Amino acid sequence: MPLPARRSLAAVTAAGLLSLGLVACGSGEDDAADPGKPGDKTITVYSGRNEALVKPLIDKFSQQSGITVKTRYATTAQLAAQLVEEGGKSPADAFFAQDAGALGAVAKRDMFAPLPAANLEKVPQTYRARNGQWVGVSARARVLAYNADAVPAAELPKSVFELTDPKWKGKLGVAPTNASFQAFVTAIRVQHGDQKAKDFLAGLKANEPQIRDNNVKIVEDVDRGAIPVGLVNHYYVGEVAKEKGTTPDGLKVKLHFFPGGDTGALVNVAGVGVLKRSAEDPDTRAFVDYLLGADAQRYFAEQTFEYPVVAGVPAPAGVPPLADLDTPEIDLNDLDTLDVTIGLIKDSGLVP
């Protein structure tokens with residue numbers, strides 16, 4: 001359908017978000033077209049989390065609660081764009097997103113309802129919205145995955161910005177269409193300004209990086225020695241080890257946590273926001289409660305190898321405690337300019 005000559009901010013944002021991926025019409029158990037009614041024991045969730053990672057958790061919620069979850073799966077950026085396009089007509093009750101930036105981008109359009117204090121108070125302020133409109137449910141650290149046979153630990157970069165050095169030409173795997181990479185670039189913009197982000201992206205492009213569709217492919221290729229290093233989230237090493245029937249110690253790929261508060265050590269969250277029309281829906285509230293409960297928090301630590309964000313649940317094995325990470329001083333609430341970041345990534349040439 002043709003757009004009017006003077007497009008709304010929402011339409012411009014949606015176009016920018018969609019430009020890095022396929023049309024946002026994800027897949028799932030249901031096409032999620034029916035908005036349903038409050039308390040009808042059915043909710044619609046737009047999930048930017050990978051289906052293989054979270055479907056078992058959502059299924060368990062349904063089994064325990066008796067609430068049917070109609071899930072639409074796509075990338076977080078695609079679903080954020082879809083929510084912006086749909087506006088108040090969206091059938092979604094909740095947005096289960098891969099990163100805080102996308103949640104913030106939707107919250108800026110005044111589409112989320114404030115969450116109950118009982119939900120918010122379970123999670124440290126660092127990992128929730130200032131205005132209470134979204135809350136983190138699990139955390140992940142940005143790391144450099146490296147092949148221990150190809151790169152001695154003493155030669156690992158002290159800063160992510162060193163990866164633009166010619167010594168890394170052709171050796172670095174990146175996934176520029178992935179939400180976590182986009183959030184990381186947004187963090188560079190927040191901490192150092194747009195020009196620094198442009199320079200970094202240009203440096204990566206000049207270094208002929210190995211482009212992959214997602215973090216799993218990067219970790220798999222680093223493990224088998226196809227590429228020496230890759231920028232990913234920490235938990236994908238655990239995922240690949242699980243797929244191979246081993247532990248992270250049994251892989252060649254290892255994790256390098258950037259020191260000194262480097263932007264490359266960003267800790268982001270997967271989180272959830274509730275659409276305004278579902279603010280009083282007991283079924284949607286039950287879903288948020290479940291994600292912040294002990295069962296789901298243990299699932300994140302033990303099955304997806306993410307950091308739990310609720311006190312009392314142990315961190316995943318084989319990684320430093322969340323409190324011990326030397327993270328950059330970046331407010332996750334400031335990662336909400338996703339459309340600008342996507343424009344910079346497109347302009348860099350990392351995405352055709």
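Quick note: structure is the one above.
Here's a quick rundown of the structure. (Residues numbered from 1 in each chain as written. Predicted model: local features only at pLDDT ≥ 70, side-chain atom pairs only at ≥ 80, totals over all residues. Heavy atoms only, no water.)

Attention now goes to the side chain of Asn178. Summarising the element assignment, Asn178 is placed in the loop between strand 5 (172-174) and helix 6 (179-192). Non-local contacts of Asn178, meaning those with residues more than four positions away in its chain, are made with Gln98 and Asn215. (Helix = DSSP H or I, 4+ residues; strand = E, 2+ residues; numbered from the N terminus. Contact = heavy atoms within 4.5 Å.)

Looking now at the environment of Ala311. Checked against the element boundaries, Ala311 lands in the loop between strand 10 (307-308) and helix 12 (338-348). Note on Ala311: relative accessible area 73%, which makes it exposed. Separated by 14 residues in the primary sequence, Ala311 and Gln297 place their C-alpha atoms 9.5 Å from one another. (Buried < 20%, exposed > 50% of the residue type's maximum accessible area, 1.4 Å probe, protein only.)

The biggest cluster of nonpolar side chains holds 80 residues, and the ones touching the most others in it are Phe95 and Phe287. Element by element, the count of residues in this core is highest for strand 4 (residues 135-147), at six residues. Ignoring sequence-local partners within four residues, the contact set of Phe287 consists of Ile43, Val45, Ile58, Phe61, Ala94, Phe96 and Val272. Among the nonpolar cores identified, the runner-up in size contains 26 residues, and Tyr146, Leu156, Leu172 and Val229 belong to it. (Core = buried A, V, L, I, M, F, W, Y, C linked by side-chain atoms within 4.5 Å.)

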